[in-house]
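This is what each chain is made of:
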Amino acid sequence: GSIKKMYGKKGDKVVQMNIDGVNASCDGIVECEVPASWAQATGGPENAGIEVAAGASDSLLRAAEFAKKIQTPVNDLDGNSLPVSTFEPGGRVPLGTSQFEKRGI
């Protein structure tokens, strides 16, 4: 339906390649077991594990504070619970906050 509508002008071969791609992605879906203990998992800024060594620079301390108060709740999809007063005027983000993200790389 929509694949034909979207790619029909490019020819039947392109349409079929897209249909095959969708089918292949559906065939590749696997069920992942989730431990029952995850149902009681806690999170949030207080458990973010954000620590800064003694004597750290002011900019690093600001970045850590931002990560704890704003970045972590937003990444946990809980940003709507933050009051507007939490944010910097103009939406500024301190430099150096990416080091506090848990990316699993």
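Chemist: Quick rundown of the overall build of the protein chain? Include the residues and the values.
Modeler: Of the regular secondary structure elements, the protein chain holds three helices and zero strands. The N-to-C order of helical and strand elements in the protein chain reads α-α-α. Of all 105 residues assigned to the protein chain, the portion counted as buried reaches 15%. In the protein chain, once contacts between residues fewer than 6 apart in sequence are set aside, the share between residues at least 24 apart is 50%. Summed over its atoms, the accessible surface of the protein chain is roughly 8600 Å², and 55% of this surface lies on carbon and sulfur atoms.

Chemist: Explain the pattern of salt bridges residue by residue, including any values.
Modeler: With the rule as written, the count across this model stands at two salt bridges. With a shortest N-O distance of 3.4 Å, K4 and D12 are connected by a salt bridge. Accessibility expressed as a relative area gives 59% for D12, which makes it exposed.

Chemist: Tell me about helix α3 (residues 58-75), and name the residues and values.
Modeler: Compared with an ideal rise of 1.5 Å per residue, which puts 18 residues at 26 Å, α3 spans 24 Å between its outermost C-alpha atoms and is within 8% of the ideal. A bend of about 45 degrees at A67 is the largest found in α3. Inspection of α3 places A63, A64, F66, A67, I70, Q71, T72 and P73 among the buried residues, and these make up the whole buried set. Count one or two residues on from α3 and you reach L77, which has phi positive near 60 degrees.

Chemist: Pulling in residues and values, what's your account of unusual backbone geometry?
Modeler: A positive phi is found at L77, a non-glycine position, where the angle reads about 60 degrees. Looking at the secondary structure, you find L77 in the segment after α3.

Analysis parameters
- Residues numbered from 1 in each chain as written.
- Predicted model: local features only at pLDDT ≥ 70, side-chain atom pairs only at ≥ 80, totals over all residues.
- Heavy atoms only, no water.
- Helix = DSSP H or I, 4+ residues; strand = E, 2+ residues; numbered from the N terminus.
- Buried < 20%, exposed > 50% of the residue type's maximum accessible area, 1.4 Å probe, protein only.
- Contact = heavy atoms within 4.5 Å.
- Areas by Shrake-Rupley, 256 points an atom, 1.4 Å probe, with all protein chains shown as cover.
- Salt bridge = Lys/Arg side-chain N within 4 Å of Asp/Glu carboxyl O.
- Expected span 1.5 Å × (residues − 1).
- Bend = angle between axes of the 7 residues up to and from the residue.

Take it as geometry only, folks, not as evidence of what the structure does.
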